[in-house]
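# Coordinates in review
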Amino acid sequence: YANGIEQLRQSTITCLATTCWESDLIAYAEEICISPPMIADGLSIVGIYTAAHNQHALNCKSLDDFQQLRLVSNRDWSADWNTLKQLGIDNCLDVKTWRQMVYMVSSSEVDALLAPFATHHELTIELDDCQLIPVPGLRIGLTGSRHFACGKSPQATALAKAIFAELKCYLDDGSFVRALEQCGFINTLTSSWTILNPSGIDDKEVKAEKPSAF
């Protein structure tokens, strides 16, 4: 992720095919082209994933309970890391690979990690022999918006001019948000769960604000 942004700055690649957090892009606004917010602030809602045998985590009911957990994340994932800090998580290990994070939670070295909700009905995350489940009833809102980015080479600039304008049409008519719902990024199975962030946006508010969300 960080390497991709650096390659954009150096124009060694033309664009990234995944979105980036605005907080990671804005410092380089003179060196890269940034799209409109494809995923608006307040739409990135994630679960607190733990092992099925970790009753300490599964019994979490409030922000106070959450603050007692041992978390694992990646400092380079700025939105995740900063959100955890804003929520008062002091015990958070910086681990660089997703696989290692899952192993650590599965083996109870730590209690939980943040992850987008799985799209199937059980909401479980499976990797190798590990299976993680979400703490029931609780969600976290990641702070910030997500954007596509291109470099500033002539080819990249032309690409951004053509594609970003077309993407904005899908944002303006609400079809991109509908796509986020249909693919499960906005997870309707957990729409009634409590968002622990004091300033979190719940799903009803998001839907009511669709026309002006971007």
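Sequence order sets the numbering: in each chain, residues are counted from 1 along the sequence as written. Given that this is a predicted model, residues contribute local features only at a pLDDT of at least 70 and side-chain atom pairs are listed and counted only at 80 or more, while totals for whole chains, interfaces and linings are drawn from all residues. To get the side-chain values, take all heavy atoms of the structure and skip hydrogens and water.

## Observations regarding the overall build of the protein
Helix and strand labels come from DSSP, where a helix needs a run of H or I of at least four residues and a strand needs a run of E of at least two; each type is numbered from the N terminus. Within the protein, the regular secondary structure consists of 9 helices and 12 strands. Atoms considered for the radius of gyration are the C-alpha atoms alone. The globule rule reads 2.2 Å times the number of residues to the power 0.38. Over its C-alpha atoms the protein spans a radius of gyration of 18 Å, differing by no more than 12% from the 17 Å that the globule rule assigns to 214 residues. Each principal axis of the C-alpha atoms in the protein carries an extent, and together these give about 55 × 35 × 30 Å. Counting every position in the protein, which comprises 214 residues, the buried fraction comes to 46%. Surface exposure of the protein reaches about 10,800 Å², of which carbon and sulfur atoms provide 52%. Only four residue types enter the tally: Lys and Arg on the positive side, Asp and Glu on the negative side; His and the chain ends are excluded. For charged residues, the charge sits on one atom: NZ in Lys, CZ in Arg, CG in Asp, CD in Glu. Here the protein carries 16 positive and 26 negative side-chain charges, and the mean point of each set is 3 Å from the other. Using a 1.4 Å probe on the protein chains alone, a residue whose accessible area is under 20% of its type maximum counts as buried, one over 50% counts as exposed, and one in between counts as partly exposed. Where accessible areas are quoted, they stem from the Shrake-Rupley method and a 1.4 Å probe; at the residue level, only the protein chains shown are allowed to cover.

## Re helix α5 (residues 78-86)
Buried within α5 are the following residues: Ser78, Ala79, Asp80, Trp81, Thr83 and Leu84. Positioned one or two residues after α5, glycine 88 has a phi angle of 85°, which is positive.

## A closer look at the pattern of salt bridges
Just to be clear on terms, a salt bridge is a Lys or Arg side-chain nitrogen sitting within 4 Å of an Asp or Glu carboxyl oxygen. Scanning the model with the defined rule gives 8 salt bridges in all. The residue arginine 99 makes a salt bridge to aspartate 128 at a minimum N-O spacing of 2.4 Å. Here arginine 99, found in helix α6 (residues 98-106), pairs with aspartate 128, found in the loop between β7 (125-127) and β8 (130-134); they are 29 residues apart in sequence, far enough to count as distant. Arginine 99 sits in the partly exposed class, given a relative accessible area of 41%. Here lysine 168 and aspartate 172 are joined by a salt bridge, their closest N and O atoms 2.9 Å apart. With lysine 168 and aspartate 172 both in helix α7 (residues 154-172) and 4 residues apart, the pair spans about one turn of that helix. Three or more residues are tied together by salt bridges with common partners; here these are Arg75, Asp76, Asp94 and Lys96.

## With respect to the confidence of the model for the protein
Of the residues in the protein, 92% reach a pLDDT of 70 or more, and the chain-wide mean stands at 89. pLDDT under 50 marks residues 200-214. Its contacts with residues more than four places away, or in other chains, come to 26 contacts. Confidence scores per residue from the predictor, reported as pLDDT, run from 0 to 100. The contact criterion used throughout is that any non-hydrogen atoms of two residues lie within 4.5 Å.

## Quick word on α7
One less than the number of residues in a helix, times 1.5 Å, gives the span that helix is expected to have. Look at α7: 27 Å from first C-alpha to last across 19 residues, which is about the 27 Å you get at 1.5 Å a residue. Among the residues of α7, Ala156, Ala160, Phe164, Leu167 and Leu171 are the ones counted as buried. Each element contacted by the buried residues of α7 is listed here: β2 (33-34), β11 (149-150) and α8 (175-182). At the C-terminal side of α7, glycine 174 shows a positive phi close to 85°.

## Focus: the environment of cysteine 130
One can find cysteine 130 in strand β8. Looking at cysteine 130, the relative accessible area reads 9%, which means it is buried. Along the backbone, cysteine 130 and tyrosine 49 are 81 residues apart, and their C-alpha atoms lie at a distance of 12 Å. Discounting residues that sit within four places of it in the chain, cysteine 130 has contacts with Val102, Tyr103, Ser106 and Ile125.

## Side note on the nonpolar core
Core analysis: the biggest nonpolar cluster contains 21 residues, and Ile48, Phe66, Leu71, Leu84, Leu114 and Ile140 have the highest contact counts within it. Where this core is concerned, the elements lending two or more residues are β3 (45-51), α5 and β9 (138-141). Broken down by element, this core gets its largest block of residues, 3 residues, from α5. Not counting residues within four places of it along the chain, the set of residues in contact with isoleucine 140 comprises Ser44, Ile45, Val46, Ile48, Phe66, Thr83, Leu87, Leu114, Ile195, Leu196 and Asn197. If you look at the next biggest cluster of nonpolar residues, it comprises 18 residues, including Val105, Phe117, Leu127 and Leu132. Residues grouped as a nonpolar core are buried Ala, Val, Leu, Ile, Met, Phe, Trp, Tyr and Cys residues, joined through side-chain atoms within 4.5 Å.

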